[in-house]
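# Observations on the three-dimensional arrangement
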Number of protein chains: 2
Amino acid sequence: MNTVITGSGCFIPSEIKKNADFEKHTFYNANNQPILQDTAEIVTKFKQITGIAERRYVDATMTASYIGALAGAAAIKDSGIDAETIDQLIVAHNFGNVSATTSQADTVPSLAARIKHEIGIKNPGCVAYDILFGCPGWLQGLIQANAFTKAGMAKNCLVIGTELLSRVSDKHDRDSMIYSDGAGAVVTQPGHGDSGIIGYSAASFTGKELQYINMGKSYCCDNNDGTNYLKMQGRKVYEFAIIEVPLAIKSCLEKNGIEINNVKKIFIHQANEKMDEAIIKRLFALYGITEIPHNIMPMNIHELGNSSVATIPTLYDMVLKGVLPEHSISKKDIIVFASVGAGMNINAVCYRV
Amino acid sequence: MNTVITGSGCFIPSEIKKNADFEKHTFYNANNQPILQDTAEIVTKFKQITGIAERRYVDATMTASYIGALAGAAAIKDSGIDAETIDQLIVAHNFGNVSATTSQADTVPSLAARIKHEIGIKNPGCVAYDILFGCPGWLQGLIQANAFTKAGMAKNCLVIGTELLSRVSDKHDRDSMIYSDGAGAVVTQPGHGDSGIIGYSAASFTGKELQYINMGKSYCCDNNDGTNYLKMQGRKVYEFAIIEVPLAIKSCLEKNGIEINNVKKIFIHQANEKMDEAIIKRLFALYGITEIPHNIMPMNIHELGNSSVATIPTLYDMVLKGVLPEHSISKKDIIVFASVGAGMNINAVCYRV
């Protein structure tokens, strides 16, 4: 029994926040010292490293569960299934619903319960729960769906990733320019043919890596109100990711007897363009290959930034829907999904279209 | 392949908060009106309905992940397994880490990642993630472990429930007397004999039930600081639970061909003594049985209150360790776990010792 993706959807918020919009911010470093460099220069350098030119923010009325429901409903429609036949509704996020006016998260009821309500699914047998696994949470949700499918404990699953990083960003931290809002989703169904999840790998590195991505005070001086923001030790995350993600992908391919040359596309969590390029380079270097196949890695980070759990399902949906015309996938293609994020967690899934 | 519980552990906080300690509180109703009844009378009536005489609170230095690690380490020790052989570390909670001084939850990195770090597990192959499913989250975690075991995707799993409800309680709400802090855990391993999980049922009711348990303002007048607290529509929760939990248990038993008379113990989420008694009464009534078997339902709510996801694994551990001398279970006994909570979610697991 294979776990087959039979539909996808995403929600891309309409507000475009351009890099130039950050030029009026005052940035501080982790030691709470103002960064003396000209802000326009900071923004230019940021673009060079991350590839991000703009990102999307939701409006003040929206929540993570609200946009998650929009993405989920789109995936259900795309798959053509009756929503009432969904057995598992799995929602990955990391911050719950954070409103525009308060820092306190709202996770009761779970986002999955709210999304099920919002979509209008009535069947009590549709079990709705949230998983927290850092940015790789959506991909881990897909692995969960696969486990329940393989165990014969579920048939149709809806796996959603939704996050509003704009609500947990410190505007005095240059990393705030990375963060974006978004939601993406897929429907999975059991299949008996060749299509579906071939295999996966997953790992949690929780030694010295535990605090590479965490919550901390604003970098600015007036940071004593107790509010915490998303914080990254960027250099350490980068060095960790470019070693461990290629190894996780290679492990996933090898465990399942897949040659690297047979991989058509690699959908990597949209964290940082330079980092993702370095991951691909290192992956092929592990096989002694120095020439990276043309167009192996779709990217949407330039316009969409890093929306955490939402990046991979959004990117996948965009490729499937022809929004990125230089990328396409066909029946029988082997593709790879891979992610890295807070925990630090890493995962990879090999999939035959 | 069966999923067998091979060890259990719990952490019971040392601070005892007695009912009498609430007599100095000023209680308000959901309409923000002071409750004019004498507080001592309120407390006496509370005891009559819920059975709760005292509950436990952690000290200000502790977090949900900290006490979850203590419970998890106890379960590992009890099982005798090498902690480095754990494939999945599943942590159920609903509020993340909430400190004693701020209402903002901390969920990055996940509590599972922190617990893995705290226990000192180094193997990156131990995948650590959180699940949010209301009070039934721990039991859902056990169902997750079962799915991964049945799918051949995991062997040894550590399933922890940890919650500090004292950190999200509104002291002006009578329901605050229900809430308690605690953590419980089990280790599961694959087995080929008769022992293990026989079957389960799970459901999410997210129509009108969605907001039966949610977050809301303090009932007191000075409630405009934006902080939200755990709120319950007690009557609706009660009426829902006494109908749906018996049906979920019966469904679980019937799907797996188990006679009600062969059930030795039923471990129900410790929400409210009267409610749990009504659930048992209704369950047996579904089979036309009016005489409830003696000692079928262990309870620890009198001294421990309702600690959300922690109640069932804590109760199970107490029975296994002989802390409740009127209750014991023996090899080959069939027992049932069942829970209900925010979502609204319900689940039940049939297990052969």
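Residues numbered from 1 in each chain as written. Chains lettered and ligands numbered in written order. Predicted model: local features only at pLDDT ≥ 70, side-chain atom pairs only at ≥ 80, totals over all residues. Heavy atoms only, no water.

## A word on the interface of chain A and chain B
Contacts between chain A and chain B engage 55 residues on the former and 54 residues on the latter. Interface area, chain A with chain B, both sides summed: about 4,200 Å², of which 61% is carbon and sulfur. If you sort the residues of chain A by the area they bury against chain B, Gln-104, Val-108 and Leu-132 of chain A come out on top, with a joint share of 16%. Linking chain A to chain B there are zero salt bridges. Among the elements that make up the side of chain A that touches chain B, the one with the highest residue count is helix α4 (residues 137-150) of chain A (seven residues). (Contact = heavy atoms within 4.5 Å. Buried area = accessible area lost by both parts, 1.4 Å probe. Salt bridge = Lys/Arg side-chain N within 4 Å of Asp/Glu carboxyl O. Helix = DSSP H or I, 4+ residues; strand = E, 2+ residues; numbered from the N terminus.)

## Some words on the packing of α4 of chain A against helix α4 (residues 137-150) of chain B
In the contact formed by α4 of chain A and α4 of chain B, the axes pass within 7 Å of each other and the chain directions differ by 70 degrees. When the axis of α4 of chain A is compared with that of α4 of chain B, the two are roughly perpendicular. As for how α4 of chain A packs across α4 of chain B, the hand of that crossing is left-handed. In contact with Ile-143, Gln-144, Ala-147 and Phe-148 of chain A of α4 of chain A, α4 of chain B contributes Ile-143, Gln-144, Ala-147 and Phe-148 of chain B. Tallied by class, residues from the contact of α4 of chain A with α4 of chain B come to six nonpolar, two polar and no charged. (Axes fitted to C-alpha atoms, helices over the stretch in contact; angles between N-to-C directions. Parallel < 35°, antiparallel > 145°, perpendicular 65-115°, else oblique. Left-handed = near helix turned anticlockwise from the far one by under 90°. Nonpolar A, V, L, I, M, F, W, Y, C, P; charged D, E, K, R; others polar.)

## A look at the sheet that holds strand β13 (residues 263-268) of chain A
Where strands meet in a sheet, backbone hydrogen bonds hold them as pairs that are either parallel or antiparallel. All names here are of chain A. Read from one edge of the open sheet, four strands run β10-β15-β14-β13, paired in mixed fashion. Each edge of the open sheet carries a strand with a single partner, namely β10 (196-204) and β13. Put simply, the sheet's adjacent strands are angled 15 degrees from each other on average, direction ignored. As judged from the eight bridges shared by β10 and strand β15 (residues 345-352), these two strands associate in the antiparallel manner. Among the inter-strand pairings, Ile-197 is bridged to a residue of β15, identified as Tyr-351. Its contacts with the sheet place α4 against β10, β14 (334-341) and β15, and it is angled at close to 55 degrees to β15. Lying on the sheet, helix α5 (residues 234-255) is in contact with β10, β13, β14 and β15; it crosses β15 at an angle near 35 degrees. (Pairing = 2+ DSSP bridges.)

## A closer look at the pattern of salt bridges
Oppositely charged side chains can pair when the atoms bearing their charge come close. Tallied over the entire structure, the rule returns 22 salt bridges over all chains. Its salt-bridge partner being Asp-78 of chain A, residue Lys-321 of chain A comes within 3.6 Å of it at the nearest N-O pair. Here Asp-78 of chain A lies in helix α2 (residues 64-79) and Lys-321 of chain A lies in the loop between α8 (311-320) and β14, a separation of 243 residues in the sequence. Residue classification places Asp-78 of chain A among the partly exposed residues on the basis of a relative accessible area of 38%. Measuring nitrogen to oxygen at the nearest pair gives 2.9 Å for the salt bridge that ties Lys-231 of chain B to Asp-173 of chain B. Here Asp-173 of chain B lies in the loop between β8 (156-164) and β9 (181-191) and Lys-231 of chain B lies in strand β12 (residues 229-232), a separation of 58 residues in the sequence. For Lys-231 of chain B, a relative accessible area of 6% puts it in the buried group. For Asp-173 of chain B, a relative accessible area of 4% corresponds to the buried category. The structure contains a network of salt bridges with shared partners spanning Asp-78, Asp-317 and Lys-321 of chain A. (Buried < 20%, exposed > 50% of the residue type's maximum accessible area, 1.4 Å probe, protein only.)

## What about the domain arrangement of chain A?
All names here are of chain A. When the domains of chain A are assigned, the result is domain 1 (2-193) and domain 2 (198-352). Between the C-alpha centres of domain 1 and domain 2 the distance comes to 15 Å. The partner domain 2 presents 52 residues to the 55 residues of domain 1 that form the contact. Summed over the shared surface of domain 1 and domain 2, the number is three salt bridges. Between domain 1 and domain 2 we count 23 residue pairs in polar contact (both at pLDDT 80 or more) in total. Counting only elements with at least two residues in the side of domain 1 that touches domain 2, the list comes to β1 (2-11), α1 (39-50), β3 (54-57), α4, β8 (156-164) and β9 (181-191). (Domains from an automatic or database assignment. Polar contact = N/O pair within 3.5 Å; in protein donor to acceptor, adjacent residues only side chain to side chain.)

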